[in-house]
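Letter by letter, the chains look like this.
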Amino acid sequence: MGFSFKGADACSTPTSDINPSPVRDMTSSSSDEKPGGKDVATAIADLDKIQHNHQWDPNLPQEKLDAVKSALEHGDVKEITETDLLFTEDSPYEEVRAAVRNTDGGEVACTVRAWILGMIFVTLGSGLNMLLSMRSPMVNFPALVVVLLAYPVGCLWAKVMPTKVFNTFGLRWTFNPGPFTIKEHTVITIMSNVCISYAYATDALLALQGKPFYNINLGWGFAFIFTLSSQLIGISLSGIFRRFLVYPAAMLWPNQFSYTSLFYALHDKSKSDGVAANGWTISRYRYFFIVTAGMFCYYWIPGVLWQGLSVFAFVTWIKPDNIVLNQLFGGFTGLSLIPITFDWTYVSAYLLDPLVATTEAHVNTLIGLFFFVTIATIGITYSGALYSDYLPLVTSQTYDNTQNAYNVSKILGDRFTLDLDKYHAYSPLFLSPTLALNYGLSFAALTASVVHVGLFNGKEIWYRLKTARNQEPDIHLKLMKKYAEAPEWWYFVLLVISLALGLGTVLGYDSQLPWWGFFVSVIVAMVFVIPTCMIMAMSNITLSLNVISPFIAGFIFPGRPVGVMIFKVFSTITLGQAQTYVSGTSDLKLAHYMKVPPRVTFWCQVVASIWAVFVQIAVMNWTLGALPDVCSNTQPSHFTCPNGRAFFSASIVWGVLGPERMFGPGSMYAKFNWFWLIGAGTPVLLWFLSRKLKIGVTRHLNAPIMFGAMAWLPPATPISFSSWAFWGLVFNWAIRKRFNGWWHTYNYVTAAALDAGLILSTIVIFFAITLPGVTIPQWWGNVDVFNTADATYTAWLKTVPDGGKFGPATW
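Residues numbered from 1 in each chain as written. Predicted model: local features only at pLDDT ≥ 70, side-chain atom pairs only at ≥ 80, totals over all residues. Heavy atoms only, no water.

## Examining the side chain of Ser258
Going by this rule: Helix numbers and strand numbers start at the N terminus; a helix is a DSSP run of H or I with at least 4 residues, a strand a run of E with at least 2. Each residue is placed in one exposure class: buried if its accessible area under a 1.4 Å probe, protein chains only, is under 20% of its type's maximum, exposed if it is over 50%, and partly exposed if it falls in between. Here, two residues are considered to be in contact whenever any of their heavy atoms come within 4.5 Å of each other.
Within the element layout of this structure, Ser258 appears in helix α12 (residues 257–267). Take Ser258: its relative accessible area is 10%, and that puts it in the buried class. Every residue in contact with Ser258, bar those within four places of it in the chain, is listed here: Val356, Tyr748, Ala751 and Ala752.

## A word on the packing of aromatic side chains
Short version of the rule: Planes of paired rings set the category: under 30 degrees apart is stacked, over 60 is edge-to-face and the rest tilted, where pairs are Phe, Tyr or Trp rings (Trp by its six-membered ring) whose centres lie within 6.5 Å.
Within this structure, the stated rule accounts for 66 aromatic pairs. Centroid distance Phe288 to Phe289: 5.1 Å. Interplanar angle 80°. Geometry classified as edge-to-face. Given a relative accessible area of 1%, Phe288 falls into the buried group. Of the residues examined, Phe289 reaches a relative accessible area of 37% and is grouped as partly exposed. Centre to centre, the rings of Phe372 and Phe707 are 4.9 Å apart; their planes meet at 45°, and the pair counts as tilted. In this pair, Phe372 sits in helix α18 (residues 359–383) while Phe707 sits in helix α31 (residues 703–708), placing the two residues 335 residues apart along the sequence. By relative accessible area, Phe372 is classed as partly exposed at 23%. Members of the aromatic cluster, each reached through a chain of ring pairs, are Tyr439, Phe443, Phe551, Phe555, Trp654, Phe663, Tyr669, Phe672, Phe675 and Trp676.

## Observations concerning the packing of helix α2 (residues 40–54) against helix α3 (residues 62–74)
Note the following rule: Axis lines are fitted through C-alpha atoms, for helices just across the contact stretch, and the angle between N-to-C directions can take any value from 0 to 180 degrees. Each angle receives one of four descriptions, namely roughly parallel if under 35 degrees, roughly antiparallel if over 145, roughly perpendicular if within 65 to 115, and oblique otherwise. For a crossing to be left-handed, the near helix must be turned anticlockwise from the far one by less than a right angle; the clockwise case is right-handed. Only Asp, Glu, Lys and Arg are considered charged in this grouping, and only Ala, Val, Leu, Ile, Met, Phe, Trp, Tyr, Cys and Pro are considered nonpolar; every other residue, Gly among them, is considered polar.
Two numbers describe how α2 lies on α3: the axes approach to 10 Å, and their chain directions differ by 135°. In terms of orientation, α2 and α3 fall into the oblique class. Between α2 and α3 lies a crossing whose hand is left-handed. Taking contact as the criterion, the partners of Ile44, Leu47, Asp48, Ile50, Gln51 and His54 in α2 are, on α3, Leu65, Val68, Lys69, Ala71 and Leu72. Of the residues assigned to the contact of α2 with α3, the class counts are seven nonpolar, two polar and two charged.

## What about the packing of helix α9 (residues 201–209) against helix α28 (residues 642–657)?
Between two packed helices, the angle of one axis relative to the other and the distance separating the axes together describe the packing. At a closest axis distance of 8 Å, the pairing of α9 and α28 adopts a crossing angle of 75°. What the angle tells us is that α9 and α28 run roughly perpendicular. Between α9 and α28, the contacting residues are Asp203, Ala204, Leu206 and Ala207 on the first element and Asn643, Gly644, Phe647 and Phe648 on the second. Within the contact of α9 with α28, the residues separate by chemical class into five nonpolar, two polar and one charged.

## Re the pairing of strand β2 (residues 171–174)
Keep this limit in mind: Pairing between two strands is assigned when DSSP locates at least 2 bridges connecting them.
Of the strand pairs in this sheet, strand β1 (residues 165–168) and β2 are connected by four bridges, and their pairing is antiparallel. Residue pairing in the sheet places Asn167 in a bridge with Arg172 of β2. Here β1 hands over to β2 after two residues, with Phe169 in that stretch at a positive phi of 55°.

## Brief notes about the confidence of the model for the protein chain
What counts here: Each residue carries a pLDDT score, the predictor's own confidence in it, on a scale running from 0 to 100.
Scored by pLDDT, the protein chain has a mean of 88; 93% of the residues are at 70 or more. Across residues 1–10, where pLDDT falls below 50, the model places 32 contacts with residues more than four positions away in sequence or in other chains. In the model, residues 12–36 has pLDDT below 50 throughout and makes 43 contacts with residues more than four positions away in sequence or in other chains.

## Details of the nonpolar core
For the record, the criterion: Nonpolar cores were defined as sets of buried Ala, Val, Leu, Ile, Met, Phe, Trp, Tyr and Cys residues, with membership established by side-chain atoms within 4.5 Å.
In this structure, Met134, Phe226, Leu431 and Phe663 are the most contacted members of the largest nonpolar core, which totals 234 residues. The element best represented in this core is helix α33 (residues 740–770), accounting for 16 residues.

## Description of the state of the cysteines
What counts here: Defined by distance alone, a disulfide is two cysteine sulfur atoms within 2.5 Å.
Going through the model one piece at a time under the given rule, you end up with one disulfide. Here Cys631 pairs with Cys641 through a disulfide, and the sulfurs are 2.0 Å apart. Of note, the bridge from Cys631 to Cys641 carries an S-S torsion of about -70° and is left-handed in sense. Of this pair, Cys631 sits in the loop between α27 (598–626) and α28 while Cys641 is found in the loop between α27 and α28, placing the two residues 10 residues apart along the sequence.

What follows is the structure, encoded as structure tokens:
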């Protein structure tokens, strides 16, 4: 891990140094046997690999696949060379070409400046987010804020810090190697991404240590190794599986396009070519700040002045007490059949920014929303199945048989065990129609992901297992080969160490989880790393174990709520870290795109993760000890620990009540187990339609997305999904088709700017209005629009009379 200062200035880099290479316009002009320095046999071998590994790639345009097939069939040298150049000298994907440049300026990445600034932002970000996560409502500072802050701080550092070079044990280094570079900026961002969000394990620790919850403190040692091991296992797996999830060109990871575009916008202030951008010449740098400022100002309207714009359910305003209309057209607990929102928060809250997702993801999400949520919910509700006529349609709240929130304390005996007498005297647990479907669709998404990847990508996975870095040609992989790779044994050693720490967690403390249960939790996550990461890399849709892991643990460890909770943390966060929640594969792809040396990426991820755990545990323990009544609903400063409370309730439901009573034979929701089979069967049907019957459109249908995109619904409502798909299709289909030059130049900068403006506005509103308790304007648009059955969570077809109950007579 040296500190080489070779490279250019990315704050003032000449445009030609970081602009796309002219090779994009290159074509061979002769039929020489070695056109472009590559012999024809090599080009043919390249095209054969490309055809083999991309034949079912939904994101690759059909005309490019046809071009490869034609070149191989005709054998024309010029055609072979030109087709090979389309794939080997730039990305074959238009999305990647629009967001990532096919050059490496050789800028310096690993500097003392990058490490100091990175660790400062890690400390501030992880500590502040940990503190604010314990408050309700909570706000967080995402990595995009770090990207925006790090740039001016880095450039200021370059101007004011001394350039003296020091020599320490033969290592030459300096606090100021020159102008702040784009790769230093990327390194700081990767460090922040690893830990800018609070660690998932801290939710479980709050549930354990919070006095209103379990009130069990196992000490600093347990908290540290529990959190650290759960973070590092996922990072190690992401590195081990790089050959499948990072190196291949088909693994797009669209969520990184807004970051790469923002890096280039900040470090390259040159104007755009009006010819290539449909007449627009404004630089991406100026355009970004104009759109950011516009969104910052605009969000004050739906965020403060007229909150009714967030869910513009005008039908419910006309008939606020009409239950059926509120169920069908409401946006809080209804199906939002007329989905109108003027609030970007609702659009991007759950499936993230629609402008970076693929058209395939938008279409498949709409299909899943219509058939598996809207139609299914209507069928369940208006048939009276599952006592749904006594419940709201869309809510994550669970209910008892008096139409009140389920009170788990009424069924608990000593030491948080189930008291059957109390349970039978109280009530069974009732789920809203969409919450019940959420469990079923989560079952389906996981089986669909395994079967889908096995059918459509099985041969490709086997090929990549054997080839490692020697895969089909890709310009970004080729440029990265000049840097020393982080050896796989580094990641294996990290995996062994983190597994040892995790094993120490369950063996050295009263965790209610046996040693073999710990390994089961990790194995469950490992099984789904490749299929779920491949789906996310191609679509930006996240599949999680958040639902299935406590379900499995509840069956294996009935009556052990703490064990269920720890099992859930290890399985869910292992997969989450390996995906992109706060680190893992997604950041490895960001480093790949920005040409950050792999060994630098490894160390900045690992070091930042370890330090962030110290910070987060310290902040959490300080808050628990310093603030009075912390985690209680009556805490004066609203530090009510909402995530810890949710974790506690879920552990009681699955660890005490147990999935056997919810989904076991003869239970109320037993039929939802059919979704396991539905999820496994749907990819088989689509595979048969696309490969055997050759129905072209089915190549773009994706069962894991149809099922898995619904994982957030509830707590999300259908309006977020339909509006997300609408704006995604507007930009990535309509505008892309009609104004391709503008889309290519500004689409991903627009995505970053909209998110940045929203985040900054949200933070200012939180500290200026929400935190001090400032009263917002009290008028019809902020008051009366919420006086509907939909907004008050009372849109149910039947109301239980006072003293009455609904549901089965026995349970």
